[in-house]
Amino acid sequence: MPSPLALKYLHGYPESLVSRVRSMLEQGQLGPWLQARYPVLHEVRNDTALYEYVTDLKSRHLRNAEPLSKVGFDGKLQSIHNALGTHTTVARVQGGKIRTKREIRVATLFREAPPEFLRMIVVHELAHLKERQHDKAFYQLCCRMEPDYHQLEFDVRAWLCWEEALGQRLWGPGGTGPSSAG
């Protein structure tokens with residue numbers, strides 16, 4: 001039986017949803033349900049492809065936002081920062097001018113994930129280019145870029161609960177689901 005700590009990613013959700021995920025997890029149904037709902041993996045496998053993917057979304061939804069200096073997968077994110085993605089702004093004085101660089105990093109976990117999950121985390125980080133806080137305006141922007149944002153965020157959290165409870169991957173190498181887009 002999975003530990004109650006396995007549901008830490010659902011903190012703040014209504015108990016009816018948490019208990020449904022707990023029941024599906026205990027009955028071994030959560031993984032197969034997620035795999036049926038999200039049967040294929042995206043093809044963004046390296047930092048170059050991720051940069052192109054992120055800048056394409058940015059150009060479609062946030063044309064006036066500052067350009068990104070760097071985008072990449074980061075293997076340290078989930079374990080060290082307990083985050084799935086980060087956005088940073090670094091300001092440096094060069095000569096008499098202030099230069100800012102913006103970076104987005106996505107947890108390596110998303111390298112082997114459904115395209116919907118990658119899109120959700122990228123949309124989340126892109127929204128921080130305009131809205132710093134997780135407030136109403138932030139989530140409205142997320143939903144403008146990805147109408148199913150809230151459902152996808154919940155499903156990502158359920159996926160994290162499954163992986164933590166069972167200690168194995170759901171998709172990709174070593175996982176029980178597909179290992180490449182198809």
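These numbers come from a predicted model, not from an experiment. (Residues numbered from 1 in each chain as written. Predicted model: local features only at pLDDT ≥ 70, side-chain atom pairs only at ≥ 80, totals over all residues. Heavy atoms only, no water.)

What about the overall build of the protein chain?
Next, step 1: Counting its regular elements, the protein chain contains seven helices and three strands.
Next, step 2: When burial is assessed residue by residue, the protein chain has 41% of its 182 residues classed as buried.
Next, step 3: Within the protein chain, contacts between residues separated by at least 24 positions form 64% of all contacts whose residues are at least 6 apart in sequence.
Next, step 4: Accessible surface computed for the protein chain: about 9900 Å², of which carbon and sulfur atoms make up 50%. (Helix = DSSP H or I, 4+ residues; strand = E, 2+ residues; numbered from the N terminus. Buried < 20%, exposed > 50% of the residue type's maximum accessible area, 1.4 Å probe, protein only. Contact = heavy atoms within 4.5 Å. Areas by Shrake-Rupley, 256 points an atom, 1.4 Å probe, with all protein chains shown as cover.)

Topic: the environment of Cys142
Next, step 1: Topologically, Cys142 is positioned in helix α6 (residues 136-145).
Next, step 2: In contact with Cys142, other than residues within four places in its own chain, are Val123, His124, Ala127 and Tyr149.

Overview of helix α2 (residues 30-37)
Next, step 1: Listed as buried for α2 are Leu30, Gly31, Leu34 and Gln35. Projected down its long axis, α2 carries its buried residues within an arc of 130°, all on one side.
Next, step 2: Where the residues of α2 are buried, they touch α1 (15-26) and α7 (149-166). (Arc of directions from axis to C-beta.)

So, the pattern of salt bridges
Next, step 1: Taken as a whole and assessed by the stated rule, the structure comprises ten salt bridges.
Next, step 2: Salt-bridge contacts for Arg105 lead to Glu103; the nearest nitrogen and oxygen are separated by 3.3 Å. (Salt bridge = Lys/Arg side-chain N within 4 Å of Asp/Glu carboxyl O.)

Some remarks on the nonpolar core
Nonpolar side chains in soluble globular proteins tend to be buried together.
Next, step 1: Leu50, Val106, Phe110, Val122, Leu126 and Trp159 are the most contacted members of the largest nonpolar core, which totals 52 residues.
Next, step 2: The set of elements that each furnish at least two residues to this core consists of α1, α2, α3 (47-61), β1 (70-74), β3 (97-107), α5 (115-127), α6 and α7.
Next, step 3: Ranked by residue count, the leading element in this core is α7, at nine residues.
Next, step 4: Ignoring anything within four residues of it in the chain, the contact list for Trp159 reads Leu34, Leu109, Phe110, Glu112, Ala113, Phe117, Arg169, Leu170 and Trp171. (Core = buried A, V, L, I, M, F, W, Y, C linked by side-chain atoms within 4.5 Å.)

Points about the packing of α1 against α7
Next, step 1: Where α1 meets α7, the closest approach of the two axes is 11 Å, and the angle between their N-to-C directions is 40°. Judged on the interaxial angle alone, α7 and α1 are oblique. The handedness of the crossing between α1 and α7 comes out as right-handed. Listed contacts from α7 to Leu17, Val21 and Leu25 of α1 are Phe154, Cys161, Trp162 and Ala165. (Axes fitted to C-alpha atoms, helices over the stretch in contact; angles between N-to-C directions. Parallel < 35°, antiparallel > 145°, perpendicular 65-115°, else oblique. Left-handed = near helix turned anticlockwise from the far one by under 90°.)

Let's talk about the packing of α5 against α6
Next, step 1: Taken N-terminus to C-terminus, the directions of α5 and α6 make an angle of 135°; their axes are 9 Å apart at the nearest point. When the axes of α5 and α6 are compared, the pair comes out oblique. Crossing geometry of α5 relative to α6 is assigned as right-handed. The residues of α6 that touch α5, namely those facing Arg119, Val123, His124, Leu126 and Ala127, are Phe138, Leu141, Cys142 and Met145.

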